[in-house]
Amino acid sequence: VKSLKVTESGSSEPEVTERRAMRRALELAVQGWGRVSTNPLVGAVLLRDGRVVGEGWHAEWGGPHAEAVALAACDDPAGTTCVVTLEPCAHEGKTPACSTALIDAAVARVVYAVGDPNPEAGGGAARLREAGVEVERGPLGAEAAALNAAFICAHRHPKRPYVALKLATSMDGFLADREGRSQWISGPEAREWVHWLRAGFDAIGVGRRTALADDPLLTVRGSVTPLRPPTRIVFGRSAELPENLKLMQTLDEVPVVLVAAEPGAEPTPSFRDEPLPPFSMTAPDRLTAPDLPAAFRLLRERAVTSLLVEGGGTLAGLLLDAGLVDRLYWIQAPVRLGGGVPAFGDTAPQPLGGAERWTVTERRSLGPDTLLVMDREPCSPES
Ligand SMILES: NC(=O)c1ccc[n+]([C@@H]2O[C@H](COP(=O)([O-])OP(=O)(O)OC[C@H]3O[C@@H](n4cnc5c(N)ncnc54)[C@H](OP(=O)(O)O)[C@@H]3O)[C@@H](O)[C@H]2O)c1
């Protein structure tokens, strides 16, 4: 049932509920995609008597926060309700604390969707309450937590990146045909969307066989230009790639890291033991580790907080078996191959009773293809 509000001019217009305002705040938050890492995506809406009187989002790392933008966009924020996707921060960092800004602006009520998991910035809700502001954890918490899964996970797992696996498969679960050809299983809409997706990650990774078979560039060539282009990473047992591959020919454009994970390998020293070398623009960085979890620890130390792995199937299976995949972006195309490169390699079977059950966070069409987004452990809004 839509509630209607009679405006001063006498016309009636739908009242913006806090739930609708939160939906709008989530749409605003997404505008920062690709521009805010290592910060969260945040959107804010100011409501007065069921009407939107200010909006904002965090548009860029180091720039003003969503609440500050919404307050600046409002002529008279005193007495309004601020509906915001993340608990307002409590710490003075690159910009003043949002909780202080809301208190100074005499905002009456704050409704937020997800608690701030960052120990340095959290505590904003308590601070607002102490200052007499009414504070409530409001609607759409699961959606808001899913939107910021990488940020929340970065705090939950401080020793590895947040890992999302993106695979485009045939309807019968193959990544490529019997000859290893995968271009193109999915349609142009899905491929364009993948460029948008890439922009939101610190790094893009593939298995070494994919690097050799597909000769991909792994750069972002879509509607969003990321603040920093994602580092390109190739995982194998060996850290060698032929010089003529496009990845190696474009080292001066975007850095490349070659990761060799093999039992018995001498691990690259932790940066706690040795000074952190800068990412090189003229040669690929090479990391070695005895296994993938150890390799991921090294990547996190090198500021990779989120990683999008784009196959192939062998790497996908190794990561799933190691419990290293947080989210699966699965693009299913209505094409039947009948055989080829299996999407999930050779993974260890699990008995149905004890099998992992993932949570579907999104289903949608991308042209003729279907996108399914699944989270292994959905982030909690209480984070
Ligand atoms: N449709 C899609 O979305 C999509 C995406 C990506 C790829 N593909 C297709 O998939 C095919 C390649 O997939 P793939 O499954 O053959 O290979 P892959 O997953 O791309 O690469 C696997 C790599 O894993 C390494 N490896 C093997 N065992 C390992 C272990 N125990 N620990 C660490 N690393 C290990 C190997 O390294 P070494 O080589 O050093 O031994 C190998 O190169 C290509 O045909 C490509 O076109 C399709």
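Described below are features of the structure shown in this document. (Residues numbered from 1 in each chain as written. Predicted model: local features only at pLDDT ≥ 70, side-chain atom pairs only at ≥ 80, totals over all residues. Heavy atoms only, no water.)

**Section: the overall build of the chain**
The cut-off we apply is this: The helix and strand labels rest on DSSP assignments: H or I over at least four residues marks a helix, E over at least two residues marks a strand, and numbering proceeds from the N terminus. In this setup the radius of gyration rests on C-alpha atoms only. A globule is expected at 2.2 Å times the number of residues raised to 0.38. Note on classification: 1.4 Å probe, protein chains only; a residue is buried when its accessible area is under 20% of the maximum for its type, exposed when over 50%, partly exposed between these limits. Between two residues, a contact is recorded if the distance between any of their heavy atoms is within 4.5 Å. Method for areas: the Shrake-Rupley scheme with a 1.4 Å probe, in which residue coverage is limited to the protein chains shown.
Along the backbone of the chain there are 11 helices and 18 strands. The C-alpha atoms of the chain give 23 Å as radius of gyration, which agrees with the globular expectation for 383 residues (21 Å, within 12%). Principal axes of the C-alpha set define a box for the chain whose edges measure 70 × 50 × 45 Å. Residues classed as buried in the chain amount to 50% of the 383 residues present. Sequence-distant contacts in the chain: of pairs separated by 6 or more residues, those separated by 24 or more amount to 75%. Within the structure as shown, the chain displays about 18100 Å² of accessible surface, and the carbon and sulfur contribution to it stands at 52%.

**What to know about the site of the ligand**
Selection rule: Being near a molecule or strand, for a residue, means having at least one of its heavy atoms within 4 Å of it. In the analysis that follows, any N or O atom pair within 3.5 Å is treated as a polar contact, provided that within protein one partner can donate a hydrogen and the other can accept it, and provided that, for residues neighboring in sequence, both atoms belong to side chains.
Close to the ligand lie 24 residues; Ala168, Arg208, Thr210, Asp214 and Thr314 are nearest. Residue Thr210 places a side-chain N or O atom 2.5 Å away from an oxygen atom belonging to the ligand. One of the side-chain nitrogen or oxygen atoms of Thr314 is found 2.6 Å away from an oxygen atom of the ligand. Coverage of the ligand by the protein amounts to 86% of the 940 Å² it exposes when considered alone.

**Some remarks on the nonpolar core**
What counts, and what does not: We call a set of buried residues a nonpolar core when its members are Ala, Val, Leu, Ile, Met, Phe, Trp, Tyr or Cys and they connect through side-chain atoms within 4.5 Å of each other.
If you look at the biggest cluster of nonpolar residues, it comprises 73 residues, and the most contacted ones within it are Cys82, Val110, Trp193, Phe201, Leu241, Tyr329 and Ile331. With six residues, the single largest contributor to this core is helix α1 (residues 18-30). Within the second largest apolar cluster, 32 residues are counted, among which are Val163, Ala294, Ala316 and Leu320.

**A closer look at the sheet that holds strand β3 (residues 43-48)**
This is how it is decided: At least two bridges found by DSSP between two strands are what make those strands a pair. Angles shown run from 0 to 180 degrees and are taken between the N-to-C directions of axes, each axis being a line fitted to C-alpha atoms and, for helices, limited to the stretch in contact.
Here five strands make up an open sheet; going across it, the order is β4-β3-β5-β6-β7 and the pairing mixed. A strand with exactly one partner marks an edge of an open sheet, and here the two such strands are β4 (51-57) and β7 (134-137). The sheet shows a mean angle of 20° between the axes of neighbouring strands, taken without regard to direction. Of the pairings in the sheet, the one linking β3 to strand β5 (residues 81-86) comprises four bridges and is antiparallel in character. Within β5, the residue paired with Ala44 across the bridge is Val84. Against the sheet, α1 makes contact with β3, β4, β5 and β6 (109-114), and its axis sits at roughly 150° relative to β3, the strand it touches most.

**Focus on helix α7 (residues 188-198)**
Among the residues making up α7, those that are buried are Ala190, Trp193, Val194, His195, Leu197 and Arg198. For α7, the secondary structure elements touched by its buried residues are β8 (162-169), β10 (203-207), β14 (306-309), β15 (327-332), β17 (359-366) and β18 (369-375).

**Overview of the packing of aromatic side chains**
Any two aromatic rings considered together are summarised by their centre-to-centre distance and by the angle between their planes. The test is simple: Aromatic rings from Phe, Tyr and Trp, taking only the six-membered ring of Trp, are treated as a pair when their centres fall within 6.5 Å; an angle between ring planes under 30 degrees marks them as stacked, one over 60 as edge-to-face, and anything in between as tilted.
Taken as a whole, this structure holds five aromatic pairs when the rule is applied. Pairing Trp33 with Trp196 gives two aromatic rings, centres 4.5 Å apart and planes at 10°, and the pair type is stacked. One end of the pair, Trp33, is in the loop between α1 and β3; the other, Trp196, is in helix α7, and 163 residues separate them in sequence. In this structure Trp33 comes out as buried when scored by relative accessible area, which is 11%. By relative accessible area, Trp196 is classed as partly exposed at 24%. Look at Phe235 and Phe296: their rings are 5.6 Å apart centre to centre, the planes differ by 50°, and that puts the pair in the tilted class. A residue pair is termed long-range when its members are at least 10 positions apart, and Phe235 in strand β11 (residues 231-236) and Phe296 in helix α10 (residues 292-301) qualify at 61 residues. The exposure class of Phe235 is buried, given its relative accessible area of 4%. Ring pairing ties together the aromatic residues Trp33, Trp196 and Phe201, which thus form one cluster.

**Structural notes on the pairing of β7**
Selection criterion: When the strands point away from the viewer, a crossover counts as right-handed if the route from the first strand across the helix to the second turns clockwise.
In this structure, β6 lies alongside β7, joined through four bridges in parallel fashion. Note that in β7 the partner of Tyr112 across the bridge is Arg137. Each parallel crossover has a hand, and for β6 linked through helix α4 (residues 124-130) to β7 it is right-handed.

**Looking at the pattern of salt bridges**
Just so we agree on the cut-off: Whenever a carboxyl oxygen of Asp or Glu lies within 4 Å of a side-chain nitrogen of Lys or Arg, that contact is scored as a salt bridge.
Tallying each qualifying case throughout the model produces 18 salt bridges. With its nearest N and O atoms 2.9 Å apart, the salt bridge here joins Arg160 to Asp326. Of the two residues, Arg160 sits in the loop between α6 (149-156) and β8 while Asp326 sits in the loop between α11 (313-321) and β15, which places them 166 residues apart along the sequence. Like Asp326, Arg160 is buried. Each of Glu18, Arg109, Glu134 and Glu136 takes part in salt bridges that share partners, so that together they form one network.

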